[in-house]
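# Survey of secondary and tertiary structure
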Amino acid sequence: MGARARPARARACVRSAMVTEEPPTGSVVVGTDGSANAELAVDWAAREAARRSAGLHIVYAFPWVTHAHAWDFAPPPEVTETGERIVSAVVERVLESHPGLEVTRDVLVESPAEALVEASRRAVVVVVGSGGLGESDDALMGSVAQKVAAHAACAVVVVRDVPPGGDTAPVVVGMDPEEGAPEAMEYAFEEAARRGTDLVVVQASQDDHALLEDIPVLGDHYREVARLHAEHTAERLQTWRRRFPHVPAELRLVHERPVRALVHAAAEASIVVVGSRGRGGLAGLLLGSVSRGVANRAPVVAVVRTRHDAH
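Below you will find a few notes about this structure. Here the structure is a predicted model, which is why all the values come from computation and not from measurement.

Calculation rules
Residues numbered from 1 in each chain as written. Predicted model: local features only at pLDDT ≥ 70, side-chain atom pairs only at ≥ 80, totals over all residues. Heavy atoms only, no water. Helix = DSSP H or I, 4+ residues; strand = E, 2+ residues; numbered from the N terminus. Contact = heavy atoms within 4.5 Å. Axes fitted to C-alpha atoms, helices over the stretch in contact; angles between N-to-C directions. Left-handed = near helix turned anticlockwise from the far one by under 90°. Nonpolar A, V, L, I, M, F, W, Y, C, P; charged D, E, K, R; others polar. Buried < 20%, exposed > 50% of the residue type's maximum accessible area, 1.4 Å probe, protein only. Pairing = 2+ DSSP bridges. Salt bridge = Lys/Arg side-chain N within 4 Å of Asp/Glu carboxyl O. Phe/Tyr/Trp six-rings, centres within 6.5 Å; stacked < 30°, edge-to-face > 60°. Core = buried A, V, L, I, M, F, W, Y, C linked by side-chain atoms within 4.5 Å.

### Focus on the overall build of the protein chain
- Across its full length, the protein chain carries 10 helices and 10 strands.
- Across the protein chain, the fraction of contacts at a sequence separation of at least 24, relative to all contacts at a separation of at least 6, is 81%.

In structure tokens:
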């Protein structure tokens, strides 16, 4: 019993020497480590906070050795001093470009992923930079970004580059053929409304329609099913249009794998929004294959968890 209580006391002792502020409820939370990629994430998060008229909460977390808390072994002062210098410089840079923004910060000794997931409980969105990128669908976007995207209590935006069209380009969202991705659709419509831009709704089918067309009976059946499916999708989208009458929404039904279709659409987007039903413990991480694939390759991606899957 005593052995379990000791790490919490050590953690409180370590945190007490650092700059810590509670993130305001409904704030935009962003993680930073002082890297160039983190700067992109911070800049995006500051603009998003301004669009939402929300506060910006900046988190610097240094992952101390695994057993440090159990040993009551605090890191050397240089570790936290470095974090405080990095965060102070980031805050100064943000306030230069957004002088009216409410900015809070947290410098702590903690796993970065766990720190951001914890902060997500009070946030409206968490923003992270992406690392370890590649061109294939299975490329890694960085362990912190993956874990936070899979387990945060709110939407997570992964920033890997500046979007080609800038912040005023259309918002792109992937519509799930079965469930319609209602959480992702709502987030995308609201984001388009905040930006005053159009929304492009992409629904991709993985069916090998070319093969089916070679078999007359199957081809006829496929075309009829596809027609009914398209009608249902259009009706579903019309419901969203009634909720957001001032957001122009274009529907694109494409015969292409979802990841490829959304990455292709990202070339003209300010942000791509995807739903995710990923599961698993924080150490393990299981993101959905589509959300992971798009976040690996598109410049800015919002991953929105389904409500029944959030925890």
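### A few points about the packing of helix α9 (residues 258-266) against helix α10 (residues 289-297)
- With their axes 9 Å apart at the nearest point, α9 and α10 run at an angle of 35° to one another. Classified by chirality, the crossing of α10 by α9 is right-handed. Residues Pro258, Val259, Leu262 and Val263 of α9 touch α10, and the partners they reach there are Ser289, Val290, Gly293, Val294 and Arg297.
- Residues of the contact of α9 with α10, tallied by class, amount to six nonpolar, two polar and one charged.

### A closer look at the pairing of strand β9 (residues 271-276)
- Taking burial as the measure, the six residues of β9 include five buried ones, the bulk of the element.
- Pairing of strand β6 (residues 171-174) with β9, which is carried by three bridges, proceeds in the parallel orientation. Looking across to β9, one finds that Val171 is bridged to Ile271.
- The pairing of β9 with strand β10 (residues 300-305) spans five bridges and is parallel. If you follow Gly275 over to β10, its bridge partner there is Val304.

### A look at the sheet that holds strand β3 (residues 103-109)
- In spatial order, the strands read β3-β2-β1-β4-β5-β10-β9-β6-β7-β8; together these 10 strands make up an open sheet with mixed pairing. Of all strands in the sheet, those with a lone pairing partner are β3 and β8 (249-254), marking the two edges. Here the strands of the sheet are splayed against their neighbours by 20° on average, with no regard to which way each runs.
- Contacts from α10 reach β5 (155-159), β9 and β10 within the one sheet, and its direction differs from that of β9 by about 155°.

### So, helix α4 (residues 112-119)
- For α4, every residue scored as buried is listed here: Ala113, Ala115, Leu116, Val117 and Ala119.
- The inward-facing, buried residues of α4 abut β1 (27-31), β2 (56-62), β3, β4 (123-129) and α5 (143-151).

### Points about the pattern of salt bridges
- One pass over the structure, following the stated rule, counts 15 salt bridges.
- Between Glu191 and Arg52 there is a salt bridge, with its nearest N and O atoms 3.9 Å apart. In this pair, Glu191 is assigned in helix α6 (residues 182-195) and Arg52 in helix α2 (residues 36-52), connecting sequence segments 139 residues apart.
- By relative accessible area, which is 0% here, Glu191 ends up buried.
- Here Glu191 makes a salt bridge to Arg194, at a shortest N to O gap of 2.5 Å. On the criterion of helical spacing, the pair formed by Glu191 and Arg194 is a turn pair, its members being three residues apart in helix α6.
- Exposure remark for Arg194: the relative accessible area of 27% places this residue in the partly exposed category.
- Connected through salt bridges with shared partners, the residues Arg47, Glu48, Arg51, Arg52, Asp167, Glu191, Arg194 and Arg195 form a single ionic network.

### Points about the packing of aromatic side chains
- Per the stated rule, a full pass over the model turns up two aromatic pairs.
- Between Phe189 and Trp240, the ring centres sit 6.0 Å apart and the planes meet at 15°, which makes this aromatic pair stacked. Highlighted residues: Phe189 in helix α6 and Trp240 in helix α8 (residues 216-243), separated in sequence by 51 residues.
- Note on Phe189 and Phe244: the rings are 5.1 Å apart at their centroids and 20° apart in plane angle, and the pair reads as stacked. Of this pair, Phe189 sits in helix α6 while Phe244 sits in the loop between α8 and β8, and the two are 55 residues apart along the sequence. Across the pair, exposure class does not vary: Phe189 and Phe244 are buried alike.
- Taken together, the ring pairs connect Phe189, Trp240 and Phe244 into an aromatic cluster.

### Structural notes on α10
- All of the buried residues along α10 are Ser291, Gly293, Val294, Ala295, Asn296 and Arg297.
- On its buried face, α10 sits against β5, α9, β9 and β10.

### Considering the nonpolar core
- Membership of the largest hydrophobic core comes to 46 residues, with the highest contact counts inside it found for Leu56, Val127, Val157, Phe189, Leu199 and Val273.
- Membership of the second largest hydrophobic core comes to 37 residues, among which are Val126, Val200, Ala204 and Leu262.

### Overview of the environment of Ala265
- Among the structural elements, Ala265 can be located in helix α9.
- Considered as a pair, Ala265 and Val202 are 63 residues apart in the sequence and their alpha carbons are 8.1 Å apart.
- Apart from the residues within four sequence positions on either side, Ala265 is in contact with Val172 and Val202.

### Considering unusual backbone geometry
- Phi angles above zero are rare outside glycine, and Ser53 is one such case at about 55°.
- With respect to the element layout, Ser53 can be found in the loop between α2 and β2.
- Assessed through its relative accessible area of 69%, Ser53 is described here as exposed.

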